[in-house]
Amino acid sequence: MNIVTLLPFIVLIGAMFLMTRSAKNKQRQAAKMRDAMSPGTGVRTIGGMYATVKEIRDDTVLLEVAPGTHALYAKNAVGAVLEEEEYERIVNGAPADLEVGDTVVPDDASSLTSDDDAAEGSKVDFEKSSDEDGDDTGADGDARRAAADAKSEQAEGDDQPEDAKRKGTDSE
């Protein structure tokens, strides 16, 4: 046989070997991480729930999901074993230590406006204004009048029955 005909099969077998090797490495790392669990350790399940390990059994782990509430999970359901500092920060909302120069992002937009703006009375009035005749004023009113005029001109020029206009066909 020619080496050229065997080359695709060799490449395919090599690719399969590399894929299974990386999958085995991931499984080995996950098993090592789960072996690092001990009672009192904070974990995150594959479903995204944070809990504290209470007891470790052969294939299962007892987790405290809330004070006084325990649940039994498979060891494979533990997605990550967290460091104590990270677990406390996530679960209890303890702020991470900020250093000088760190950027702080506000939770809401209240910090984007200053109290000085409100004190000056610089509020925007969104009410419609009308002149004495009842016509709208301003650019918005002009646009409405122009649209109404165009509609009335179109209606005057049409001598088609109303049904034909709706259907988009000529009645002639």
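Look a little higher up for the structure.
Below is a short write-up of the structure. (Residues numbered from 1 in each chain as written. Predicted model: local features only at pLDDT ≥ 70, side-chain atom pairs only at ≥ 80, totals over all residues. Heavy atoms only, no water.)

1. Some thoughts on the sheet that holds strand S3 (residues 60-66)
Then, number 1: Strand order in the open sheet made by the five strands is S4-S3-S2-S1-S5, with antiparallel pairing throughout. Where the open sheet ends on each side, the last strands, each with one partner, are strand S4 (69-74) and strand S5 (78-82). Taking each pair of neighbouring strands and ignoring which way they run, the sheet shows an average axis angle of 45°.
Then, number 2: As paired strands, strand S2 (residues 50-56) and S3 are joined by four bridges and run antiparallel to one another. Bridge pairing links Val53 to Leu63 in S3. (Pairing = 2+ DSSP bridges. Helix = DSSP H or I, 4+ residues; strand = E, 2+ residues; numbered from the N terminus. Axes fitted to C-alpha atoms, helices over the stretch in contact; angles between N-to-C directions.)

2. Brief notes about the pattern of salt bridges
Then, number 1: According to the stated counting rule, one finds two salt bridges in the structure shown.
Then, number 2: With its nearest N and O atoms 3.1 Å apart, the salt bridge here joins Lys54 to Glu64. In this pair, Lys54 sits in strand S2 while Glu64 sits in strand S3, placing the two residues ten residues apart along the sequence.
Then, number 3: Judged by its relative accessible area of 18%, Glu64 falls in the buried class. (Salt bridge = Lys/Arg side-chain N within 4 Å of Asp/Glu carboxyl O. Buried < 20%, exposed > 50% of the residue type's maximum accessible area, 1.4 Å probe, protein only.)

3. Observations concerning the side chain of Glu64
Then, number 1: Polar side-chain contacts of Glu64 include one of 3.1 Å to the side chain of Lys54.
Then, number 2: Excluding its chain neighbours within four sequence positions, the residues that come into contact with Glu64 are Ala51, Thr52, Lys54, Thr69 and His70. (Polar contact = N/O pair within 3.5 Å; in protein donor to acceptor, adjacent residues only side chain to side chain. Contact = heavy atoms within 4.5 Å.)

4. A word on the nonpolar core
Note on soluble globular proteins: their nonpolar side chains tend to be buried together.
Then, number 1: Counting residues in hydrophobic clusters, the biggest one holds seven residues: Met37, Val43, Ala51, Val53, Val61, Leu63 and Val78.
Then, number 2: Contacts of Val61, omitting those with residues within four sequence positions, involve Met37, Val53, Glu55, Ile56, Ala71, Leu72, Tyr73, Ala74 and Val78. (Core = buried A, V, L, I, M, F, W, Y, C linked by side-chain atoms within 4.5 Å.)

5. Re the environment of Pro39
Then, number 1: With respect to the secondary-structure elements, Pro39 resides in the loop between helix H1 (3-35) and strand S1 (42-45).
Then, number 2: You can call Pro39 exposed: its relative accessible area is 57%.
Then, number 3: Separated by 13 residues in sequence, Pro39 and Thr52 have C-alpha atoms that sit 7.6 Å apart.
Then, number 4: Excluding anything up to four places from it in sequence, Pro39 contacts Val53, Lys54 and Ile56.

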